[in-house]
Structure formats: C-alpha cells, structure tokens
Amino acid sequence: MAVDSALSSPLGPPACEKDAKALRFIEEITRNADLVQERVLEEILSRNADVEYLKRYKLDGATDRETFKSKLPVIKYEDLQPEIQRIANGDRSNILSAHPISEFLTSSGTSAGERKLMPTIKEELDRRQLLYSLLMPVMNLYVPGLEKGKGLYFLFVKSETKTPGGLLARPVLTSYYKSEHFKTRPYDPYNVYTSPNAAILCADSFQSMYTQMLCGLLERQQVLRLGAVFASGLLRAIRFLQLHWQLLANDIETGTLNNKIIDPSIRDSIDEILKPNQELANFIKNECSNENWEGIITRIWPNTKYLDVIVTGAMAQYIPTLDYYSGGLPLACTMYASSECYFGLNLNPMCKPSEVSYTIMPNMAYFEFLPHEPAGSVSGSTQKLVDLVNVEVGKEYELVITTYAGLYRYRVGDILRVTGFHNSAPQFHFVRRKNVLLSIDSDKTDEAELQSAVENATQLILQEFNTSVVEYTSYADTNTIPGHYVIYWELLVKDSANSPSDVALSQCCLAMENSLNSVYRQGRVSDNSIGPLEIRVVRNGTFEELMDYAISRGASINQYKVPRCVNFTPIVELLDSRVVSAHFSPALPRWTPERRR
C-alpha cells in the first residue's frame, strides 16, 4: 500500500520521515478498515481455495463474505485438532493452507493439559515484523529523545520441541527471536537494546538473565526504558537482582565474568564491554544492600522514562508492585498479540493501565466478533457474528479470526470490550481470557482443571486420614516473586486424633501441581516464573462466613455459589484471618519439554 512520506500525521508530529511513513500507514489502513478487511479475506480465500478444509465446506473458490459466513462454521481448537495432528505427524498435503506450514507456535492456552499447536507459515514473520515496526513511531509521539539511549529489555527464548513429523513447536516469541528478522534486524537508533543477542538467545534462563542484568547495570545511565513481555517477567528480573547483586557487583569490580556463565557466545560478547569499574560496583553494593527497595528501578536506572510491559488482563495484579519498585513510572502497553495472530497497537501507549485500548490493525487477519453474553444467556452458536467495523462501543465480544496461516473462523477465547474507534477501526480493552480462573505468568488454569486437581489431591488425605475437603477457593498471590497459587481448604476431619500431617498436606500441594497443565508446570520447573503452590487450611465455618459476607453485599442466598477464585481484597483478608495452617509444595512437579505422542 502506498504511503505518503510527508512529515505530517493526524496522530501527531512524527520524529522523522521514517516515523511519518509508519504513522501515515496506520492512518490509511484504519481509515479504510472495511475495504482492507474485504481485501484480506479475498486474499486468504483465493490463495487457499484448493485446501482440503475449505473444499470440505464446498466454498468452491468463493471469496465473498456472504458465502464465507454461510458455509464455514465458527470453531474452537478441539474442532481443528484432527487436522493439526495430521500436520504434526508429517502430512504435507494442503490441509489448512496452500503455503507450507513452517512450524507450530505453541499457545499458552491448553487442550487436554498440553499447549495448543497453532500452524504458521513463513510470511507471518513479515506480518509480525510490520507490526513491530509501528511501535516506536507511535511511542516517539509521546516520549521524545528515545534515540539518545537504550532499552533494557529482559527477553528470553523458551524450550522448543519437534512434532513426530519433524516440525518445530515453540512459543511465538521464541520463534521471532530465533528468526533472521530479529537476529539481523537493521540498526534503528530508536530501538537499541542493552542485551546482546547472545544473551537473549541463550536457552539457560540463569545465564540469560544474569547477562542481561549485567549489561543493564553496565549501561545504567543510557537506559531510557525498561521492559519485559509481561509485568511478571520484569518483577522476576528485580527479584533476580535482589538475589544475585553481590555476584554482579563482583564481576563489575574485577572486570571478569562469573564462571557460572559458560555459554561461549555470551562470554565473547561480554568480554568486549566488561572492564573493571570500582565506582559502579560500589554504587550497586550501596543501593542493593539497602533493605528498602522502594524506587530501586529509578535509583539504579535514573533516566528511565517508562516501563514497557503488558499490565492488562491477569497482569493488572502486578501494577502496585511495579509502582513500588519504579516510584510510579508510567506503564506502557504497546501491542496486542497471541500465538494465533498479531492483532493491533495501543495508539495512546502512555495512558493509565486501566484505560489501555488496542486498535485492531485490519491488515493482520480477517476479524469477526461474537457478542459475549453472561452465563445463561443465548449461546454463541445461535448468535450472529459482527464484522470489525460494525462492533458497538460499550459491548463485549469474543474475538474470532481467519488467518493467512489456515485458521478459519477460529474462536481465540479473548473477551474484548469496545471503547471507541480510530477512524473506522475499533479500539478494544482486553477484559480477560474466557473461562480462565487463575494466572500468574503465561499459565491459564480454568475451573474444571482446578476442580480436578483438588479431587486428585484430596485422595491422599481421604485414604490415610479419613479427611475430606468441605469447600475450597483459590487466589493468585502476586505479593511473592514469583507469584504462586494459593488454595484455601476447609477440611472435615473425622478423627481429630488422626488429622492430616504437615507432610501429607504438603504432598497434596505437589499432587495438585502435577494435575495442572504443562504450561503451569513449565513455569514452575523450567522458567522459574511460578512459585510453589500453597494450601492454606482455614478453620471450620469459614465458607459460611464467606457466604454471609456476600449476602450482606447483596448476593441472593438462593443463587449463591462459592467462588472458585477470589481477588476482592476484603474477601482475601477474611480468608487469611481464618487460616490455621499453611503448606507448600515440597518439590517441583513433573515436566518434560517433549510433547505427548
């Protein structure tokens, strides 16, 4: 699409001509959102006209919206699983896409306890790169001078596997960081990181984090922005500094890299920049040995202008802790994306976290929206889907996508609320993942999974101690770093002389963890992004008090159900005031990077 290179934009005065082109591009595709959507659907359907999936529904080469909507069903992952499995097993025929499936991107959502496999094609990297290229031109409208310093971003690759048919299966960001798009990206003064590529690409999480933190300390005066993908990741970096500042200070003092860092490419890149610096080492010792870590980010990196992290959805629970460590720096949420597709940008990235809205970029995929109704209302299967430009402000929808890589009318599971429009492209506030109960990092645990985990764990105390769980609820405790799941249990002990021991209840914690999905267990075992699960036993009658409290606030006694997850502070405080014992998982749960065959 042609772009006017004149130095002007309705979004604001751009910093340079390159930014102007990017901003004009945003203006053009959002102004003509419906036409762009029509073109995107036509491209997807025409190029994939002969694929097996579209032939099954007798699309017969049609590329218009009416035929598309009348013949293709709205689907979930489970509906597509047979096709996914065939591709994973090595079937290279045109099942979903006319372009070869280059790899699978593993979604943090789960199916039967395993990560979902999302097919992708090589050209999707170009599409993602395009969206990344729009981030800094927008940010430069709000924060001038970013080209004069660097970004300290804690970026990591995660474990990858191969399917039985030989295709890679890995998280979307791991795919991007390992691509030539990232490794050989052109120099951009607005987008320079302190972390060398070697540190980001190191699969060992300790070596990667250590090196990235070391480089961030060495260049602390140049750091203008700090970031991680999720808020939880940035807090883990601060916790890492709390635990390892002495080793880091020693490296800076002596000019030699710690022997625990054995990756040769990391050592080569650090050798070029690590020189003895007594003054900096003393500064780090003085700051980090202080028990008060309030404002530690701006004390160590004094020129930081904002934190670049996702703090929407489940990540909102980390905002108070980030404010504590940063002294209230602005929190910028820049982009909305998933394994299935990249969706859009926040065109006002310095707004309050509670006001974050993402503008859908209509060139990324074909978007439809399923009106989201409360439980008990009309089911989604009977509701008419709404096109991108026809959503209504104030209403909530579930996102449905059709992608170049072979997803057709696929329900993503994200619930979005329309907050307004930029030109004719709608802006959405991310409300939550559908059916997700608990989340600390990239994990997502729903009610059925939690119920199953509780049932499996209670078998341990039912058999040996004749004790059952009367009621339970849960809470994502993010006051610890990393955060962890807390499960409140009210027990019925049949024989007080034979009540469950601390060892037995600790084993219940581990049994619950082993029952949770592989994304949770990877966070515990490999990524160190989730702490040990905790069971807090509350005294008898606590859940009756919980019901009384809910009724006093207007709940109907006839319709009251014990919430399986709580986050309202007075309720958490009530539960915590009734705790009689607390127990933690004594070991790591089972986890292996290999996928089940």
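Values in this document were obtained by computation on a predicted structure and should not be read as measured data.

### Side note on the overall build of the protein chain
So, point 1. For the protein chain, the helix and strand inventory stands at 20 helices and 22 strands.
So, point 2. Each of the three principal axes of the protein chain carries a C-alpha extent, and together these read 80 × 70 × 50 Å.
So, point 3. Taken over 597 residues, the protein chain has a buried fraction of 54%.
So, point 4. At a minimum sequence separation of 6, the contacts of the protein chain that also span at least 24 residues come to 67%.
So, point 5. Accessible surface, the protein chain: about 25000 Å² in total, of which carbon and sulfur atoms supply 49%.
So, point 6. Taking the average place of the 61 positive charges on the side chains of the protein chain and the average place of its 71 negative ones, the gap between the two points comes to 3 Å.

### Things to note about the pairing of strand S19 (residues 467-477)
So, point 1. The buried count for S19 comes to eight of eleven residues, which makes it a mostly enclosed element.
So, point 2. In terms of strand pairing, S19 meets strand S20 (residues 484-493) through ten bridges, oriented antiparallel. Residue pairing in the sheet places Thr467 in a bridge with Val493 of S20.
So, point 3. Between S19 and S20, which pair antiparallel in sequence order, lie six residues.

### Brief notes about the sheet that holds strand S14 (residues 396-402)
So, point 1. Strand order in the open sheet made by the eight strands is S9-S10-S11-S16-S15-S14-S12-S13, with antiparallel pairing throughout. Edge positions in the sheet fall to strand S9 (335-337) and strand S13 (386-387), since each has one partner strand and no second.
So, point 2. Here strand S12 (residues 366-371) runs beside S13; their pairing, made up of two bridges, is antiparallel. Residue pairing for S13: Glu368 is matched across the bridge by Asp387.

### Focus: helix H1 (residues 17-31)
So, point 1. Taking 1.5 Å of rise per residue, 15 residues should cover 21 Å, and H1 covers 21 Å from first to last C-alpha, within 8% of that figure.
So, point 2. On its buried side, H1 packs onto helix H2 (33-47), helix H6 (124-142), strand S10 (342-345), strand S11 (358-360), strand S15 (410-422) and strand S16 (425-433).

### Digging into the packing of aromatic side chains
So, point 1. What the rule picks out here adds up to 20 aromatic pairs.
So, point 2. Ring geometry for Tyr53 against Tyr408: centres 5.5 Å apart, planes inclined by 10 degrees, an arrangement best described as stacked. Here Tyr53, found in helix H3 (residues 52-56), pairs with Tyr408, found in the loop between S14 and S15; they are 355 residues apart in sequence, far enough to count as distant.
So, point 3. The buried category is assigned to Tyr53, whose relative accessible area is 3%.
So, point 4. Taking the centre distance of 4.9 Å and the plane angle of 45 degrees together, the rings of Tyr485 and Tyr520 count as tilted. Of the two residues, Tyr485 sits in strand S20 while Tyr520 sits in helix H18 (residues 518-525), which places them 35 residues apart along the sequence.

### Overview of the state of the cysteines
So, point 1. Summed over all chains, the structure comprises zero disulfides.
So, point 2. Of all cysteine sulfurs in the structure, the one in Cys202 sits closest to Cys215, which takes part in no disulfide; the separation is 12 Å.
So, point 3. Judged by its relative accessible area of 0%, Cys215 falls in the buried class.
So, point 4. Here Cys565 is not cross-linked by a disulfide; its sulfur's nearest cysteine counterpart is in Cys509, at 17 Å.
So, point 5. Cys565 gets classed as partly exposed once you look at its relative accessible area, which sits at 24%.

### Some details on empty space enclosed by the protein
So, point 1. Scanning the entire structure with this criterion turns up two cavities of 30 Å³ or more.
So, point 2. The volume enclosed by the largest cavity comes to roughly 60 Å³.
So, point 3. Contributing to the lining of the largest cavity are Leu105, Met118, Pro119, Thr120, Glu124, Arg128, Ser338, Ser339, Glu340, Cys341, Tyr342 and Ala405.
So, point 4. For the lining of the largest cavity, the secondary structure elements donating two or more residues are strand S2 (114-120) and H6.
So, point 5. It is S2 that contributes the most residues to the lining of the largest cavity, three residues altogether.
So, point 6. The class makeup of the residues in the lining of the largest cavity is six nonpolar, three polar and three charged.
So, point 7. Roughly 50 Å³ of volume is contained in the second largest cavity.

### Here's the deal with helix H12 (residues 264-271)
So, point 1. Those residues of H12 lying buried are Ile266, Ser269 and Ile270. End-on view of H12: buried residues confined to an arc of 95 degrees, all on one side of the axis. Of the exposed residues in H12, those oriented more than 90 degrees away from the buried face are Pro264 and Asp268.
So, point 2. In this structure, the buried residues of H12 make contact with helix H9 (197-200) and helix H10 (205-218).

### Side note on the pattern of salt bridges
Side-chain pairs of opposite charge can arise whenever the charged atoms involved come near each other.
So, point 1. One pass over the structure, following the stated rule, counts 35 salt bridges.
So, point 2. One salt bridge in this structure joins Glu398 and Lys434, with 3.3 Å as the shortest N-O distance. You can see Glu398 sitting in strand S14 and its partner Lys434 sitting in the loop between S16 and strand S17 (436-438), a full 36 residues away along the chain.
So, point 3. Classification of Glu398 by relative accessible area gives buried; the value is 4%.
So, point 4. On the basis of relative accessible area, Lys434 is assigned to the partly exposed category, the value being 26%.

### Some words on the confidence of the model for the protein chain
So, point 1. Across the protein chain, pLDDT averages 89, with 94% of residues at or above 70.
So, point 2. No element of the protein chain has a lower mean pLDDT than strand S1 (residues 103-111), which averages 77, and none a higher one than H2, which averages 97.
So, point 3. For residues 1-7, every residue scores under 50 in pLDDT, and the model assigns this stretch 19 contacts once sequence neighbours within four places are set aside.
So, point 4. Counted against residues more than four places away or in other chains, residues 376-381, with its pLDDT under 50, gives three contacts.

Reading guide: rules and limits
Residues numbered from 1 in each chain as written. Predicted model: local features only at pLDDT ≥ 70, side-chain atom pairs only at ≥ 80, totals over all residues. Heavy atoms only, no water. Helix = DSSP H or I, 4+ residues; strand = E, 2+ residues; numbered from the N terminus. Buried < 20%, exposed > 50% of the residue type's maximum accessible area, 1.4 Å probe, protein only. Contact = heavy atoms within 4.5 Å. Areas by Shrake-Rupley, 256 points an atom, 1.4 Å probe, with all protein chains shown as cover. Lys, Arg positive; Asp, Glu negative; His and termini not counted. Charge placed at Lys NZ, Arg CZ, Asp CG, Glu CD. Pairing = 2+ DSSP bridges. Expected span 1.5 Å × (residues − 1). Phe/Tyr/Trp six-rings, centres within 6.5 Å; stacked < 30°, edge-to-face > 60°. Disulfide = S-S within 2.5 Å. 1 Å grid on protein atoms, 1.4 Å probe; cavity = no way out; pocket = protein on both sides within 12 Å on 5 of 7 lines; lining within 4 Å. Points joined across faces, edges and corners; volume = space filled by probe spheres on them. Nonpolar A, V, L, I, M, F, W, Y, C, P; charged D, E, K, R; others polar. Arc of directions from axis to C-beta. Salt bridge = Lys/Arg side-chain N within 4 Å of Asp/Glu carboxyl O. pLDDT = per-residue confidence, 0-100.

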